[in-house]
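Here is what each chain is made of, one letter per residue.
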There are 2 protein chains.
Amino acid sequence: MTPHKPSLDDLVAVLSRTPASLSALLGGLPQALVTATEGGATWSPYDVMGHLIYGERANWIPRARHILAGETRPFEPFDRTAQFNQSQGKPLSELLQTFEGLRRDNMATLLGMNLRETDFDRTGLHPELGEVTLGQLLATWAVHDLDHLGQIARTLAKVHTRAVGPWGRYLSILKDRQPESASPQPGLNRT
Amino acid sequence: MTPHKPSLDDLVAVLSRTPASLSALLGGLPQALVTATEGGATWSPYDVMGHLIYGERANWIPRARHILAGETRPFEPFDRTAQFNQSQGKPLSELLQTFEGLRRDNMATLLGMNLRETDFDRTGLHPELGEVTLGQLLATWAVHDLDHLGQIARTLAKVHTRAVGPWGRYLSILKDRQPESASPQPGLNRT
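Rules and cut-offs
- Throughout this document, residue positions are counted from 1 along each chain, in the order its sequence is written.
- Naming scheme: in the order in which they are written, chains are lettered from A and ligands are numbered from 1.
- Side-chain atom pairs in this predicted model are given and counted only at pLDDT of 80 or more, local residue features only at pLDDT of at least 70, and totals for whole chains, interfaces and linings cover all residues.
- In computing side-chain properties, one takes all heavy atoms of the structure into account and sets aside hydrogens as well as water.
- Note on aromatic pairs: the rings of Phe, Tyr and Trp (six-membered ring only in Trp) are paired at centre separations within 6.5 Å, and the planes decide the class, stacked below 30 degrees, edge-to-face beyond 60, tilted for the rest.
- Runs of E in the DSSP output that reach at least two residues are strands. Runs of H or I that reach at least four are helices, and both are numbered from the N terminus.
- Three exposure classes are used, based on accessible area relative to the maximum for each residue type with a 1.4 Å probe and protein chains only: buried under 20%, partly exposed in between, and exposed over 50%.
- Only buried residues count toward a nonpolar core. Its members are Ala, Val, Leu, Ile, Met, Phe, Trp, Tyr and Cys residues joined through side-chain atoms within 4.5 Å.
- Residues are treated as being in contact if the distance between any of their heavy atoms lies within 4.5 Å.
- Buried area: the sum, over both parts, of the accessible surface (1.4 Å probe) that disappears when the two are put together.
- Each reported salt bridge corresponds to a side-chain nitrogen of Lys or Arg within 4 Å of a carboxyl oxygen of Asp or Glu.
- Polar contacts, as used here, are pairs of N or O atoms within 3.5 Å; protein pairs need one atom able to donate a hydrogen and one able to accept it. Residues neighboring in sequence count only if both atoms are side-chain atoms.
- In this count, Pro and Cys sit with the nonpolar residues alongside Ala, Val, Leu, Ile, Met, Phe, Trp and Tyr, while Asp, Glu, Lys and Arg are called charged and the others, Gly among them, polar.
- In this comparison the copies share one frame, found by least squares on the C-alpha atoms of residues holding pLDDT of at least 70 in both.

I'd like a description of the packing of aromatic side chains, backed by residues and values.
Given two aromatic rings, one states the distance between the centres and the angle between the planes to describe the pair. Residues and elements named next belong to chain B. The tally for this structure, following the rule as stated, stands at 3 aromatic pairs over all chains. Aromatic pair Trp60 and Trp141: ring centres 6.1 Å apart, planes at 10°, arrangement stacked. Linking Trp60 in helix H4 (residues 60-68) with Trp141 in helix H7 (residues 134-158), this pair joins segments that are 81 residues apart in sequence. Just as Trp60 is buried, Trp141 falls in that class too.

Report on the nonpolar core, specifying residues and quantitative values.
If you look at the biggest cluster of nonpolar residues, it comprises 110 residues, and the most contacted ones within it are Leu110 of chain A together with Leu110 of chain B. Beyond its immediate chain neighbours, meaning those up to four positions away, Leu110 of chain B contacts Leu8, Val12, Ile61, Leu115, Leu138 and Trp141 of chain B.

Hey, could you go over the environment of Ser16 of chain B for me, with residue numbers and the actual values?
Within the secondary structure, Ser16 of chain B sits in helix H1 (residues 8-26). Measuring from C-alpha to C-alpha, the distance between Ser16 of chain B and Val132 of chain B comes to 23 Å, with 116 residues separating the pair along the chain.

How would you explain the interface of chain A and chain B if you had to name every residue and give the values?
At the interface, 59 residues of chain A touch 59 residues of chain B. Each partner contributes to the roughly 5,200 Å² buried at the junction of chain A and chain B, and carbon and sulfur atoms together form 68% of this total. Per-residue buried area on chain A facing chain B is highest for Arg17, Trp167 and Tyr170 of chain A; these three make up 17% of the total on that side. Scanning the region where chain A abuts chain B turns up 2 salt bridges. We note a salt bridge from Arg177 of chain A to Asp176 of chain B, for which the minimum N-O separation is 2.7 Å. Counting across the chain A and chain B interface gives 13 residue pairs in polar contact (both at pLDDT 80 or more). Of all the secondary structure elements, the ones that give two or more residues to the side of chain A that touches chain B are helix H1 (8-26), strand S2 (130-133) and helix H7 (134-158) of chain A. Looking at the side of chain A that touches chain B, its residues break down into 31 nonpolar, 16 polar and 12 charged.

Describe the relation of the copies chain A and chain B, and please don't skip the residues or the numbers.
It takes a turn of 180° to lay chain A on chain B, together with a shift of 0.0 Å along the axis; the resulting RMSD is 0.0 Å. With respect to symmetry, the two chain copies, as superposed, fit the operation of a two-fold axis. The residues that chain A uses at the interface reappear at the interface of chain B in 100% of cases, marking a shared surface.

In structure tokens form, the structure reads like this:
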């Protein structure tokens, strides 16, 4: 079966919009909200920003280059908790700016690759998933953004779980990824 | 038990940020993404914008006024599908601007109410939920924003469900609110 190919234009449209959307949502937000989590080992909006920054540096473009270079060894595994070493202590405003700059550069790099439709079928070896295509990598990049945007919305919402009182039964987001129904680290994802 | 009181500053911080975050996310996005749904009777990002606009006009501030006026009759029921009559056909850019303007005015109105902490305990009668407080109404307003932001992220992500290939198993957002595990209208909420 031919893998479903995403449109590069659609992916770039999503990927280019994430930084400004996150900056508008999080910039200047009270610290108690920025550092709130869903409980347990879940991530705060602050943690997510560090994770997104690390991905811009170490994940998406390096893996795209790896595929285009025709490498046969697997991708380097991606460190999903690198942000706890690299970003901690920096103000959120700095993380938002850093993410915006890295994403802008990475979009220029991506467009500079002048990908043709056939390039989307080129393959690389994921250390756990096995053979994956460049098209799948790029679609995953965009969905990964949206997953973390949804996670941030959910985390900010859950701060108010008690405060909404009886309305809680109408607000589905408060019930998403409850610890009892989720993996040990609800709301996290791997790439 | 005393209801948990949210901080008005925190709620205003969230409520004031939603319009710019949504404009950054959706403004100029390809039409196929703007009108995508999660299937069935679920809403597209375009539909959600119409719903948010109608809420600014008919739901939150009118209900807050209703409570502060000491009304004993229930709130007017909120028409959850009003956007299908009122907004259809308008360009998304107009909906984003309209929402931004209405929310700005409503934040000014809310701050102009000069609410004291005791006002948060004042009650009104919800047509289905019974007695609710002003504090619960305001917290619900903010969580309702975040629920729909999460819904938009999820809807845009699901467009790429096939395109991500084997990475799908890592991307939890693609599994949220699957029709088989959700209400007849997954991703919708009532207020």
